[in-house]
Amino acid sequence: MTPGYDLPELCRIVTLDDMNAVMAEVLNAGGSVTFSPKGISMQPLLIQKRDHVTISKPKGRIKLYDVLFYRRENGMFVLHRVVGKNKNGYILCGDNQRVKEYGITDANVIAVMTAFKRKGRDYTTRSFAYRLYSFFWTLILPVRHPVLRLYERIKAKFTKKRNKR
């Protein structure tokens, strides 16, 4: 055991509120922060307790399809995709959601996702495959949930057939 440190205290899960000051210091110094997102709003791209995201301060203008890490007026931290922009700010939506969020401004934005680890594999948001996914996923926003339900039904039927063999 390391002298001066209580191991159970070091091994606890910390909240974003606990880490906010440290994250801000690292991001403002030009660094990046990696963490495991909580919640289901960015599925199927990101799964909580499995995947990790890396964020940094935006370099230049925020663009359509960027995934922003921001703080709502109520204090909640959120990681959602830019699906549009209007005079009041950005329009955001989680990949697993249908309802768009309006009025998020640069003042709310903490950072932008620059990379992620999914199923143990590293990806950058500059990769062609990721950009194609972002474009397609935003394009089908109005019909996303019916398409996913159909996919899950088809997948379940094939899985049952395969398991019967």
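What you are looking at is a predicted structure, and each value in this text was computed from that prediction instead of being measured.

Participant: Before we go on, may I ask you to explain the overall build of the protein chain in this structure?
Facilitator: Of the regular secondary structure elements, the protein chain holds four helices and eight strands. Ordered by position in the sequence, the α and β elements of the protein chain form the string α-α-β-β-β-β-β-β-β-β-α-α. Across the 165 residues in the protein chain, those meeting the buried criterion constitute 32%. Excluding contacts between residues fewer than 6 apart, the proportion of contacts in the protein chain whose partners are at least 24 apart in sequence is 52%. Of the accessible surface of the protein chain, which amounts to about 11,400 Å², a share of 57% is contributed by carbon and sulfur atoms.

Participant: Help me understand a positive patch on the surface in this model?
Facilitator: Together, Arg98, Arg149, Arg153, Lys157 and Lys160 give the surface a local cluster of positive charge. Residue position: Lys157 is located in helix α4 (residues 144-164).

Participant: How should I be thinking about the environment of Leu45 in this particular structure?
Facilitator: Its place among the elements puts Leu45 in the loop between β1 (32-35) and β2 (52-56). Overall, Leu45 belongs to the buried group, its relative accessible area being 6%. For the pair formed by Leu45 and Lys117, sequence separation is 72 residues and the distance between their alpha carbons is 10.0 Å. Residues contacting Leu45, with those up to four places away along its chain left out, are Arg50, Asp51, Arg81, Asp95, Met113, Phe116, Arg118, Tyr130 and Tyr133.

Participant: Which parts of the structure should I look at to understand the side chain of Thr138?
Facilitator: Along the polypeptide, Thr138 turns up in helix α3 (residues 128-139). Those residues in contact with Thr138, other than ones at most four positions away along the chain, are Tyr65, Arg81, Val83 and Arg144.

Participant: I keep staring at the environment of Thr105 and nothing clicks. Help me out?
Facilitator: Within the secondary structure layout, Thr105 lies in the loop between β6 (101-104) and β7 (109-118). A sequence separation of 33 residues divides Thr105 from Arg72, and the C-alpha atoms of the two residues are 9.8 Å apart.

Participant: How should I be thinking about the nonpolar core in this particular structure?
Facilitator: Soluble globular proteins tend to bury their nonpolar side chains together. Of all hydrophobic cores here, the largest spans 21 residues; its most connected members are Leu45, Leu46, Val53, Ile55, Phe69, Met113 and Phe116. Secondary structure elements with two or more residues in this core: α2 (16-28), β1, β2, β3 (67-71), β4 (77-86), β7 and α3. Per element, the largest residue contribution to this core is four residues, and it comes from β7. When near neighbours in sequence (up to four residues on either side) are disregarded, Val53 contacts Val33, Thr34, Phe35, Pro37, Leu46, Leu79, Met113, Ala115 and Phe116.

Participant: Looking at this structure, I do not really get the pairing of β3. What am I missing?
Facilitator: Two faces make up the sheet, and in a regular strand the side chains alternate between them. Counting buried residues in β3 gives four out of five residues, a clear majority hidden from the surface. Between the end of β3 and the start of β4, which pair antiparallel, lie five residues, with Gly75 showing a positive phi angle near 95°. In the sheet, β3 pairs with β7 via three bridges, with the strands oriented antiparallel. Bridging across to β7, Leu68 finds its partner in Val112.

Participant: Teacher, can you tell me more about a nonpolar patch on the surface here?
Facilitator: A cluster of nonpolar side chains, namely Phe128, Leu132, Phe135, Phe136 and Leu139, defines an oily patch on the protein surface of about 550 Å² accessible area. In this structure, Leu139 sits in helix α3. On the basis of relative accessible area, Leu139 is assigned to the exposed category, the value being 54%.

Definitions and limits used
- Throughout, a residue's number is its position along its own chain's written sequence, starting from 1.
- Per-residue local features are limited, in this predicted model, to residues with pLDDT of at least 70; the limit for side-chain atom pairs, both in listing and counting, is 80 or more; totals at the level of whole chains, interfaces and linings are taken over all residues.
- For side-chain calculations, the full set of non-hydrogen atoms in the structure is used, while hydrogens and water are omitted.
- Labels follow the DSSP assignment, with helices taken as runs of H or I lasting at least four residues and strands as runs of E lasting at least two, numbered in each case from the N terminus.
- Each residue's exposure class comes from its accessible area (1.4 Å probe, protein chains only) as a fraction of the maximum for that residue type: buried when under 20%, exposed when over 50%, partly exposed otherwise.
- Throughout, a residue-residue contact means that at least one pair of heavy atoms, one from each residue, lies within 4.5 Å.
- The protein chains shown are the only cover counted for residues, whose accessible areas, like all others here, come from Shrake-Rupley with a 1.4 Å probe.
- Residues enter a patch when their relative accessible area is above 30% and they make no salt bridge; the linking distance is 9 Å between like charges and 5 Å between nonpolar side chains (Val, Leu, Ile, Met, Phe, Trp, Tyr).
- Salt-bridge detection follows one rule: a side-chain nitrogen of Lys or Arg within 4 Å of a carboxyl oxygen of Asp or Glu.
- Residues counted as positive are Lys and Arg, residues counted as negative are Asp and Glu, and His and the chain ends are not counted.
- Throughout, a charge is located at the NZ atom of Lys, the CZ atom of Arg, the CG atom of Asp or the CD atom of Glu.
- Note on terminology: a nonpolar core comprises buried Ala, Val, Leu, Ile, Met, Phe, Trp, Tyr and Cys residues joined through side-chain atoms within 4.5 Å.
- For two strands to be treated as a pair, DSSP must find at least two bridges joining them.

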